[in-house]
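# Commentary on secondary and tertiary structure
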Amino acid sequence: MGNVLAAGSPVPVAGFAVPPGFAVPPVPGPEQQRAASAAPGPEAEGKLPNPGTFEECHRKCKELFPIQMEGVKLVVNKGLSNHFQVNHTVSLSTLAESSYHFGATYVGTKQLSPTEAFPVLVGDMDNCGSLNAQLIHQLTNRVRSKMVLQVNIKAASLGYATVEGIAADSDPTEGEKPLGFLPPILEPDWDQTRLDQQESLGLDLCGSIDSNWVVGATLEKKLVPLPLTLAMGAFLNHRKNKFQCGFGLTIG
């Protein structure tokens, strides 16, 4: 079923992918993005900002694609404090196994910027006892670490740790330069128009079509002033003559 992300999450952390089922902190809204783009930066000197780590280079593009949905999903988010949030996810499906997930997100008190605080601990456990967890922490001004633990009752467990370093020649006016950084990437001009439409209408519509003639679309609508988000989606595979659809509801 549709993947409806958690709303009302604590401070976001950029540069790290979160496993499926986890609560994901929100990105800055259109007003914050416009304010950031209006600030003078390296573009004024004819230079583009560094895009960051490899994990982030395609994130904005992937967010434009619709999420495949089937069955029914209910997500309930609850913020217990400014630093701790829990969520409950129930998925009902006729094609895959129905499941329940309990997730928790903790954001520490080490505030590095208005949008970053550490350490961050994200965990998720399903009704079968399988566990996914991530710990992200800023060890120093130039060293950030991430530890991942995956315990699957039906398969082998997995754990690993990574360290991200910032180059010593980093220029504050150009932003941080993670080791192994990529060439600058231009953002499409229409991305801001899409954000403006979402903000004014309170909905998000995504659609896609691929070379196999699979057509899909998802629609998310915020039911203001209630803390509810309704999601609907459908995918049609013309070659295999298969159709699937679903809807989801996020509370909180």
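Residues numbered from 1 in each chain as written. Predicted model: local features only at pLDDT ≥ 70, side-chain atom pairs only at ≥ 80, totals over all residues. Heavy atoms only, no water.

### Remarks on the overall build of the protein
What the protein contains, in helices and strands, is three helices and 11 strands. Taken from the N to the C terminus, the helices and strands of the protein come in the order α-α-β-β-β-β-β-β-β-α-β-β-β-β. Here the protein, with 252 residues, has 31% of them falling under the buried criterion. (Helix = DSSP H or I, 4+ residues; strand = E, 2+ residues; numbered from the N terminus. Buried < 20%, exposed > 50% of the residue type's maximum accessible area, 1.4 Å probe, protein only.)

### Looking at the sheet that holds strand E8 (residues 203–209)
Here 11 strands make up an open sheet; going across it, the order is E7-E6-E5-E4-E3-E2-E1-E11-E10-E9-E8 and the pairing mixed. Here the strands that pair on one side only, and so sit at the sheet edges, are strand E7 (158–165) and E8. Each strand of the sheet is rotated relative to its neighbour by a mean of 10°, with strand direction disregarded. Across six bridges, the pairing between strand E4 (residues 116–126) and strand E5 (residues 131–138) is antiparallel. Within E5, the position partnered with glycine 123 by the bridge is alanine 133. (Pairing = 2+ DSSP bridges. Axes fitted to C-alpha atoms, helices over the stretch in contact; angles between N-to-C directions.)

### Some words on the pairing of strand E11 (residues 242–251)
By the bridge criterion, six bridges tie strand E1 (residues 71–79) to E11 in an arrangement that is parallel. Bridge pairing in E11 places leucine 74 opposite leucine 249. Bridge count for strand E10 (residues 228–237) against E11 is 10 bridges, and the pairing is antiparallel. Looking at E11, one finds that asparagine 237 is bridged to lysine 242. A loop of four residues connects E10 with E11, the two strands running antiparallel in sequence, and asparagine 241 in this loop sits at a positive phi of about 55°.

### Quick notes on the pairing of strand E2 (residues 84–92)
In terms of strand pairing, E1 meets E2 through eight bridges, oriented antiparallel. Bridged to asparagine 77 within E2 is asparagine 87. Relative to strand E3 (residues 99–113), E2 runs antiparallel, the two sharing eight bridges. Looking at E3, one finds that valine 90 is bridged to tyrosine 100. As consecutive antiparallel partners, E2 and E3 are separated by six residues.

### Quick word on the pattern of salt bridges
Tallying each qualifying case throughout the model produces one salt bridge. Between glutamate 116 and arginine 144 there is a salt bridge, with its nearest N and O atoms 3.2 Å apart. Pair noted here: glutamate 116 is in strand E4 and arginine 144 is in strand E6 (residues 143–151), with a separation of 28 residues, a long-range link. Grouping residues by exposure puts glutamate 116 and arginine 144 together as buried. (Salt bridge = Lys/Arg side-chain N within 4 Å of Asp/Glu carboxyl O.)

### Quick look at the nonpolar core
By size, the foremost hydrophobic cluster in this structure holds six residues: Val107, Ala117, Phe118, Val120, Val122 and Ile136. Looking at this core element by element, the count peaks at four residues for E4. (Core = buried A, V, L, I, M, F, W, Y, C linked by side-chain atoms within 4.5 Å.)

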